[in-house]
Amino acid sequence: MLDSCKLKSACNLPFICNKKIINTAGTSNAEVPLADPGMYQLDITLRRGQSLAARDRGGTSDPYVKFKIGGKEVFRSKIIHKNLNPVWEEKACILVDHLREPLYIKVFDYDFGLQDDFMGSAFLDLTQLELNRPTDVTLTLKDPHYPDHDLGIILLSVILTPKEGESRDVVVEDMLEDEEEEDDKDDKDSEKKGFINKIYAIQEVCVSVQNILDEVASFGERIKNTFNWTVPFLSWLAIVALCVFTAILYCIPLRYIVLVWGINKFTKKLRSPYAIDNNELLDFLSRVPSDVQVVQYQELKPDPSHSPYKRKKNNLG
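What you see is a predicted model, and the numbers here were worked out from it, not measured in a lab.

So, how was this worked out
- Residues numbered from 1 in each chain as written.
- Predicted model: local features only at pLDDT ≥ 70, side-chain atom pairs only at ≥ 80, totals over all residues.
- Heavy atoms only, no water.
- Pairing = 2+ DSSP bridges.
- Helix = DSSP H or I, 4+ residues; strand = E, 2+ residues; numbered from the N terminus.
- Axes fitted to C-alpha atoms, helices over the stretch in contact; angles between N-to-C directions.
- Expected span 1.5 Å × (residues − 1).
- Buried < 20%, exposed > 50% of the residue type's maximum accessible area, 1.4 Å probe, protein only.
- Arc of directions from axis to C-beta.
- Bend = angle between axes of the 7 residues up to and from the residue.
- Salt bridge = Lys/Arg side-chain N within 4 Å of Asp/Glu carboxyl O.

Caption draft 1: Summary view of the sheet that holds strand 5 (residues 72-76). Taken in spatial order, the four strands line up as 5-4-7-8 in an open sheet, and their pairing is antiparallel. Looking at which strands have only one partner, the edges of the open sheet turn out to be strand 5 and strand 8 (117-124). This sheet shows a mean twist of 25 degrees between the axes of neighbouring strands, independent of strand direction. Looking at chain direction, strand 4 (residues 63-69) and strand 5 are connected through four bridges and run antiparallel. Counterpart to F67 in the pairing with strand 5 is F75.

Listed below in structure tokens is the structure:
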């Protein structure tokens, strides 16, 4: 039905841009004559994206774009790491049988070793393009399952050119001549991109592991500082709570305490449907400083020897 090509002669067409916003809400009823295979050449320049959806933990994404016509992928862009306003500036040249099949644009977030996250899609109705006229296109990305969500926009420049029989033969001939060279170049680019993507993935894993270890270490330091009187008030409060809990266990069997706790746990939503779940023990520990916070407090604590009152008293002495 269609062929994707990367050409040296046929794809280097001048772009004199007439800005135009293409309506992607539905297809046009324009009458387009059926043609022989490869009648149209569609030259696309993928410009950039704006305000794309965040899919990673850090509030960013690693977006890339796919073009499809008739269910077949005809182009895939490079990956732009950690950017919600990526700039691609990549060109694609596509041979199209007829204009009744729209061009689908899908954006994904690259995840190393995992399934890539969907970031939105749009389609371009080729019947609305004027022949031999470069056009700037703005496409709004949407999620079919959540059509009200705004997922950003994709900016393209396109030009649609009719190809006669002789021109098509030239295109096919050039494509066959450059096929081996382009395949070698694509293989080298893929290896380079794959290596860079692996480096970024390893960096993300290292950062995640470091954050988890930091949280575990901070939790242990807070428990230690609870019982070494770093904050006397909180230490006394913990000792009193442990004494009260010990007295309750001595007077009341453990099974009754567990029963009351379970009833309270499972009826909390019925009694207070808008209450926010919390853990009292974690709330208490969050108020105990870790070793890093203790050092920071000591650095910020003013030196009493430099106080005006101390200086005045020394002068009187």
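From this point, the discussion proceeds with the structure in view.
Caption draft 2: Region of interest: helix 2 (residues 232-251). Here helix 2 is 20 residues long and its end C-alpha atoms lie 29 Å apart, about the 28 Å a rise of 1.5 Å per residue gives. Inspection of helix 2 places L234, S235 and A238 among the buried residues, and these make up the whole buried set. Buried residues of helix 2, viewed axially, fall in a sector of 105 degrees; they line one side. Among the exposed residues of helix 2, those pointing more than 90 degrees away from its buried face are F233, W236, Y250 and C251.

Caption draft 3: Representation of helix 3 (residues 254-271) within the structure. Between its first and last C-alpha, helix 3 extends 25 Å over 18 residues, near the 26 Å set by a 1.5 Å rise per residue. The principal kink in helix 3, of about 30 degrees, is found at K265.

Caption draft 4: Representation of the pattern of salt bridges within the structure. Scanning the entire structure with this criterion turns up five salt bridges. The salt bridge partner of R133 is E130, with a shortest N-O separation of 3.0 Å. A relative accessible area of 37% places R133 in the partly exposed class. Under the relative-accessibility criterion, E130 is labelled partly exposed at 39%. Close ionic contact of D291 with K224 constitutes a salt bridge, the shortest N to O distance being 2.9 Å.

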